[in-house]
Amino acid sequence: LARGALRPDLVGRHVVVSAGGTREPLDPVRYLGNRSSGRQGYALARAAVARGAEVTLVSANVELPDPAGVKVVRVETTGQLRDAVVGAAAAADAVVMAAAPADFRPVAVSEAKIKKAGDGSAPAIELEQNPDVLAEISHDRPRPGAVVVGFAAETGDDTGSVLDLARAKLARKGCDLLVVNDVSGGAVFGSADNQAVILGADGAEVDVPRGSKTALAHVVWDEVLRRFGG
Ligand code: CTP
Ligand code: CA
């Protein structure tokens, strides 16, 4: 385990973690969603409790047992996740956005199940953007001095490397730390392991070798702890 594991160094701290993937309803039986398992967020919540923190876990569609000693708030959509995270953030020393919020939602949710047309045509579904929770928390800071952490899975493309894109995302979001997964060589979704670089708005760059999501969680809390004032 990472240095600091199981030391009660988060006693007296309240942290908010979001986990899982949000779902945006299309009709009573269908949704737009993503493959996030919630495992990294749950590992962060368990690690924080183990170190003595009071933890609120905003959980979006996760099929994992509730971690012991954690207040779990269940949400479905990005709008609900935003309200739960912003509400809890007012009393939090740190907010870690490990969830994968759906970026878009259907403009209209059909009250009735959408039926197939007899002529073989398919409906066009108009989407609009969801609120960006991490950017909002970072720019509005419900509690001044709180440490705000984002996650990003990047592949790199012709506009830049994984780290270039991640640095730009860190600046755009305005958070203090961004945990970056390089998913060029295949996705980490659902896997027990994780490998990451943690970028700081202060210029820090911490390489986290391939290891368990629990090990990564402890390094994230080490970096958060380092940034608490006082
Ligand atoms: N995030 C958020 N609200 C959203 C979308 C993302 O709070 N509506 C948070 C995620 O929880 C994560 C971070 O922002 O901590 C980065 O997510 P990512 O999907 O990489 O960022 P996007 O701005 O949505 O960029 P992209 O277009 O690459 O998906
Ligand atoms: Ca996104």
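Keep in mind it's a predicted model, so treat the numbers as computed, not measured.

How each quantity is defined
- Residues numbered from 1 in each chain as written.
- Chains lettered and ligands numbered in written order.
- Predicted model: local features only at pLDDT ≥ 70, side-chain atom pairs only at ≥ 80, totals over all residues.
- Heavy atoms only, no water.
- Axes fitted to C-alpha atoms, helices over the stretch in contact; angles between N-to-C directions.
- Helix = DSSP H or I, 4+ residues; strand = E, 2+ residues; numbered from the N terminus.
- Parallel < 35°, antiparallel > 145°, perpendicular 65-115°, else oblique.
- Left-handed = near helix turned anticlockwise from the far one by under 90°.
- Contact = heavy atoms within 4.5 Å.
- pLDDT = per-residue confidence, 0-100.
- Salt bridge = Lys/Arg side-chain N within 4 Å of Asp/Glu carboxyl O.
- Buried < 20%, exposed > 50% of the residue type's maximum accessible area, 1.4 Å probe, protein only.

## Description of the packing of helix α1 (residues 39-50) against helix α5 (residues 213-227)
To describe two helices that pack against each other, one gives the angle between their axes and the distance between the axes.
Phase 1: Their axes nearest at 8 Å, the elements α1 and α5 cross at an angle of 60°. It follows from the interaxial angle that α1 and α5 lie oblique. As for how α1 packs across α5, the hand of that crossing is right-handed. Counted together, R39, Q40, A43, L44, R46, A47 and A48 of α1 and K213, T214, L216, A217, H218, V220 and W221 of α5 form the full contact between these two elements.

## A look at the confidence of the model for the chain
Phase 1: Summing up the model confidence of the chain, the mean pLDDT is 94 and the portion of residues at 70 or higher is 94%.
Phase 2: Both scores are given for the predicted complex: the pTM is 0.95, the ipTM 0.99.

## Remarks on the pattern of salt bridges
Phase 1: Throughout the structure, instances matching the rule amount to 15 salt bridges.
Phase 2: A salt bridge links E154 to K169; the nearest nitrogen and oxygen atoms lie 2.7 Å apart. One end of the pair, E154, is in strand β9 (residues 147-154); the other, K169, is in helix α4 (residues 162-173), with 15 residues separating them in the sequence.
Phase 3: E154 gets classed as buried once you look at its relative accessible area, which sits at 10%.
Phase 4: Among the salt bridges present, the one from R226 reaches E223, with a minimum N-O distance of 3.1 Å. In this pair, R226 and E223 are both assigned in helix α5, three residues apart and thus about one turn of the helix distant.
Phase 5: A cluster of three or more residues bridged by salt bridges with shared partners is formed by D202, E223, R226 and R227.

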